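Coordinates in review
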Amino acid sequence: MRKTYIAGNWKMNKTKSEAVELAKSLVVALKDGKYKYMIAPSFTNLDAVGQIINGSNIILGAQNMSTDESGAHTGEVSVLMLKDLGVKTVILGHSERRHIYGEDDLMINKKVKLALKHGLEVILCIGELIEEREAGKAEIVCEQQTRDGLSGVSEEELKNVTIAYEPVWAIGTGKTATPEDAQAIHEYIRKIISNMYSADAAEKILIQYGGSMNAGNAEALLAQKDIDGGLIGGASLSVEKFEPICKVK
Ligand code: PGA
């Protein structure tokens, strides 16, 4: 039985005081929640938010990290810096990183391997563009991103990987994939994991859905047999919107 995993990706939102306030409210709101919870504030708020959620049932996540451990990489943040602040997991390959900042599968794979080497958990994001879906290429795009993103990752390391299927056309747009369309891709990804690793690895890996998930559609999405949780953007920015998703049955 896979544990449901709900993660909040705060993206480039919240000043430090706003982030601290939200984190404090979430610690109280989710304390009896039965799922796995993660919140990913901006780099500048990791330290402050980490101190608030320390000891709670919410883990600290980062939204990205550098391909390298240290050195001349102006503007980047390294895995060592994240670990130092108590970060437990890192979101990699988010569609905004891929499509706004030009990250490719090779770069994402380098980050995935580096994070795993240092004992961080990874949420590897994959997902097709609208034109790829319309051209009937959703599965092949997701397969390629999964295979490339996990290249060189061992079955043991895979235990620290969650995959987030986020159709790019559904992110921040209010358009959600239907539960059936999302389920079809999730099932396909699980099959790919089975081919790449084993039936056991495929059975155990968590696959989240992301893309305009909210309190109104979360129940139907999470009811699908291969949807194990959600990566939530917009609806993770307030307790009022996030708590109901975190407590969906
Ligand atoms: P959204 O973002 O929930 O605002 O669509 C999801 C994500 O990008 O992770």
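Our subject is the structure listed above.
Described in the following lines is the structure provided in the data block. In this text, all values refer to a predicted model and were calculated from it rather than measured experimentally.

**Remarks on the site of the ligand**
Lys11, His94, Glu166, Gly172 and Ser212 are the nearest of the 13 residues found near the ligand. In the environment of the ligand, an oxygen atom lies 2.7 Å from a nitrogen or oxygen atom belonging to the backbone of serine 212. Contacts to the ligand include glycine 233, whose backbone N or O atom sits 2.9 Å from an oxygen atom. Its free accessible area being 280 Å², the ligand has 96% of it covered by the protein chains.

**Things to note about the side chain of serine 198**
One can find serine 198 in the loop between helix H9 (179-196) and helix H10 (199-204). Within the structure, serine 198 has its side chain in polar contact with the side chain of glutamate 155 (distance 2.8 Å).

**Structural notes on the pattern of salt bridges**
All chains considered together, the criterion is met by 19 salt bridges. Ionic pairing is found between arginine 98 and aspartate 105, a salt bridge with its closest N-O pair at 2.8 Å. Here the two residues arginine 98 and aspartate 105 agree in accessibility, since each one is buried. A salt bridge links glutamate 156 to lysine 159, with the nearest nitrogen and oxygen atoms 2.9 Å apart.

The rules behind each value
- Residues numbered from 1 in each chain as written.
- Predicted model: local features only at pLDDT ≥ 70, side-chain atom pairs only at ≥ 80, totals over all residues.
- Heavy atoms only, no water.
- Near = heavy atom within 4 Å.
- Polar contact = N/O pair within 3.5 Å; in protein donor to acceptor, adjacent residues only side chain to side chain.
- Areas by Shrake-Rupley, 256 points an atom, 1.4 Å probe, with all protein chains shown as cover.
- Helix = DSSP H or I, 4+ residues; strand = E, 2+ residues; numbered from the N terminus.
- Salt bridge = Lys/Arg side-chain N within 4 Å of Asp/Glu carboxyl O.
- Buried < 20%, exposed > 50% of the residue type's maximum accessible area, 1.4 Å probe, protein only.

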